[in-house]
Amino acid sequence: MAPLLQIVDLHKRFLELEVLTGVSLEVARGEKVSIIGPSGSGKTTLLRCINYLEKPTAGHIYIDGKLIGEKQVNSGYVHLSDRELAKERQEIGFVFQRFNLFPHLTALGNVTIAPQKVLGLGREEAEARGRAMLTKVGLAHKIDEYPERLSGGQQQRVAIARVLAMQPKLMLFDEATSALDPELIGEVLRVMRQLAEEGSTMVIVTHEIQFAGEVSDRVIFMDGGKIVEQGPPRDVLLNPQLPRTRDFLKHLQER
Amino acid sequence: MRFFEVLGQKGEYFLITLLGGWPTTVKVAAGALVFALIFGLVIALLRLSRWRAFRIPAIAYIEFFRGTPLLVQLFVIYFGLPDAGFEPTPLQAAIVGMGLNGSAYLAEIYRAGIEAIHRGQMEAALSLGMTPARAMRYIILPQAMRTMLPPITSFSIVMLKDTAVVSVIAAPEIMFYARNLVTETLQSAVIYCMAGALYLCMTVPMARLVARLERSRRAWQ
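Residues numbered from 1 in each chain as written. Chains lettered and ligands numbered in written order. Predicted model: local features only at pLDDT ≥ 70, side-chain atom pairs only at ≥ 80, totals over all residues. Heavy atoms only, no water.

## Section: the packing of aromatic side chains
Describing an aromatic ring pair means giving the distance of the ring centres and the angle of the ring planes. Per the stated rule, a full pass over the model turns up 13 aromatic pairs over all chains. Consider the rings of A:F94 and A:F96, whose centres lie 4.7 Å apart with planes at 45°: the pair is tilted. Of the two residues examined, A:F94 and A:F96, each falls in the buried class. Between the aromatic rings of B:F35 and B:F39, the centroid separation amounts to 5.9 Å while the plane-to-plane angle is 75°, which identifies the pairing as edge-to-face. Placement of both B:F35 and B:F39 in helix 2 (residues 22-47) is noted, with a separation of four residues, approximately one turn of the helix. With a relative accessible area of 27%, B:F35 lands in the partly exposed category. If you follow B:R50 out to its NZ or CZ, it ends over the ring of B:W51, 4.6 Å from the centre. (Phe/Tyr/Trp six-rings, centres within 6.5 Å; stacked < 30°, edge-to-face > 60°. Buried < 20%, exposed > 50% of the residue type's maximum accessible area, 1.4 Å probe, protein only. Helix = DSSP H or I, 4+ residues; strand = E, 2+ residues; numbered from the N terminus. Lys NZ or Arg CZ within 6 Å of the ring centre and 35° of its normal.)

## Regarding the environment of B:S103
Residue and element names in this part refer to chain B. Of note, S103 is situated in helix 5 (residues 90-115). Taking relative accessible area as the criterion, S103 reaches 0% and is therefore assigned buried. Considered as a pair, S103 and I38 are 65 residues apart in the sequence and their alpha carbons are 7.9 Å apart. Once residues within four sequence positions are removed from consideration, S103 is found in contact with F35, A36, F39, G40 and Y61. (Contact = heavy atoms within 4.5 Å.)

## Concerning the packing of helix 4 (residues 70-80) of chain B against helix 5 of chain B
Residue and element names in this part refer to chain B. For the pair helix 4 and helix 5, the least separation of the axes is 9 Å and the interaxial angle reads 135°. It follows that helix 4 is oblique to helix 5 by the angle criterion. Helix 5 is crossed by helix 4, and the crossing has right-handed handedness. Contacts between helix 4 and helix 5 involve L70, Q73, L74, I77 and Y78 from the former and P90, A93, A94, V96, G97, M98, L100 and N101 from the latter. (Axes fitted to C-alpha atoms, helices over the stretch in contact; angles between N-to-C directions. Parallel < 35°, antiparallel > 145°, perpendicular 65-115°, else oblique. Left-handed = near helix turned anticlockwise from the far one by under 90°.)

## Concerning the interface of chain B and chain A
Listed as interface residues are 22 residues of chain B and, on the opposing side, 26 residues of chain A. With both chains or domains summed, chain B and chain A bury close to 2200 Å², and 61% of this area falls on carbon and sulfur atoms. Linking chain B with chain A are two salt bridges. A salt bridge links B:E123 to A:R48; its shortest N-O distance comes to 2.6 Å. Taken together, the links from chain B to chain A amount to six residue pairs in polar contact (both at pLDDT 80 or more). Among the elements of the structure, helix 6 (119-127) and helix 7 (132-162) of chain B are those that each provide at least two residues to the side of chain B that touches chain A. (Buried area = accessible area lost by both parts, 1.4 Å probe. Salt bridge = Lys/Arg side-chain N within 4 Å of Asp/Glu carboxyl O. Polar contact = N/O pair within 3.5 Å; in protein donor to acceptor, adjacent residues only side chain to side chain.)

## Concerning the packing of helix 2 of chain B against helix 5 of chain B
Residue and element names in this part refer to chain B. Two elements in contact, helix 2 and helix 5, have axes separated by 5 Å at closest approach and are oriented at 45°. The angle between helix 2 and helix 5 places the two elements in the oblique class. Here the hand of the crossing between helix 2 and helix 5 comes out right-handed. Class assignment for the residues of the contact of helix 2 with helix 5 results in 19 nonpolar, six polar and four charged. (Nonpolar A, V, L, I, M, F, W, Y, C, P; charged D, E, K, R; others polar.)

Written out as structure tokens, the structure reads:
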């Protein structure tokens, strides 16, 4: 079966700085992939390129075999219009490190705005869906709260519900627990684990090595804008082949 | 004192005459404000566009209208447009002139308000499948409006009292009647003080409103 996500030789350069230096990756439907690596290794940039929050400098991304963010015209590639790009992004959920909830909307408003304004759902249908998603992340009792009244962990769970309400094919998590107080990390990881068990396709950039080990089908270690090592969690995390991977994991344990 | 003698004898006549200009002052201020609120937003969005072809004209517009005197702009519209085949009435010229001028200032207020919204808000909206235009409408502008409301109200006070300038193109507002009265009676001190008081009666309540908006602007609920 064709992979759900296929990344082909992706490069990204910010002025002089080469952040991605040729990344190729395939993710199967239902697969959980964790990306680990030191800061500056390009993990977040890779994730942001997948839904075109960053435009890759070179290389291509396919979801379900369909080219993302650009189209082929004659023999070249051109970037999509805002409208075409927006359509493609509907299928890719993105969970941000800093939640990015909409502060002027309640929890329910945050979860229902895109289904209403993007998918064109009626208010009742959107709210039914929104309620279901907030219940799923354990926040049925916070439906009418504004983000500023929620803890970081609750905000991040609303953000996950907001993504789920769009029923994406693929979910991207960008260090979803890095901005949280230690005691709030667990509640977010629990929700992510539940999604993993339900068969969502997930690409997770994380520093939570233990979580990555438990949830992932595959762990990828990135360094210097490249994938340098990948494999099943027990191989990469417990028995890494490269000195760089070993050093990184050792540093994390010493924290 | 002579000032109070004159005020006592002629005050009522002056007040009634000046109030004759009040409707025009309000019309010019309100018309120009509505014009500037809408057109200023257009200019601000062009100013913030990704495309240079939109940005540059918007910058030129803002610099031109902020960098030349309102008086000159009014003269160009009122005395210049007839050469191009339009003959605006003083009221029309006043509303358009002050509206175009106000748009430049409001565009900068809008821009500051929009730019103050964290980039993550736009990214979150885009990642949910909104186009940039939808994200602006449903996510960015509603948030920006809250922070912009006090400066916009402050600016509308400036606009209201600046309507005095349009007396020079014979729009029959408060200042126009004041000048006529001075020509007629030569009581400039009393008449201009009364005109000033009339403006205060409108601007002070608005200033109170700004203060209230500023106190309440932090709460989302």
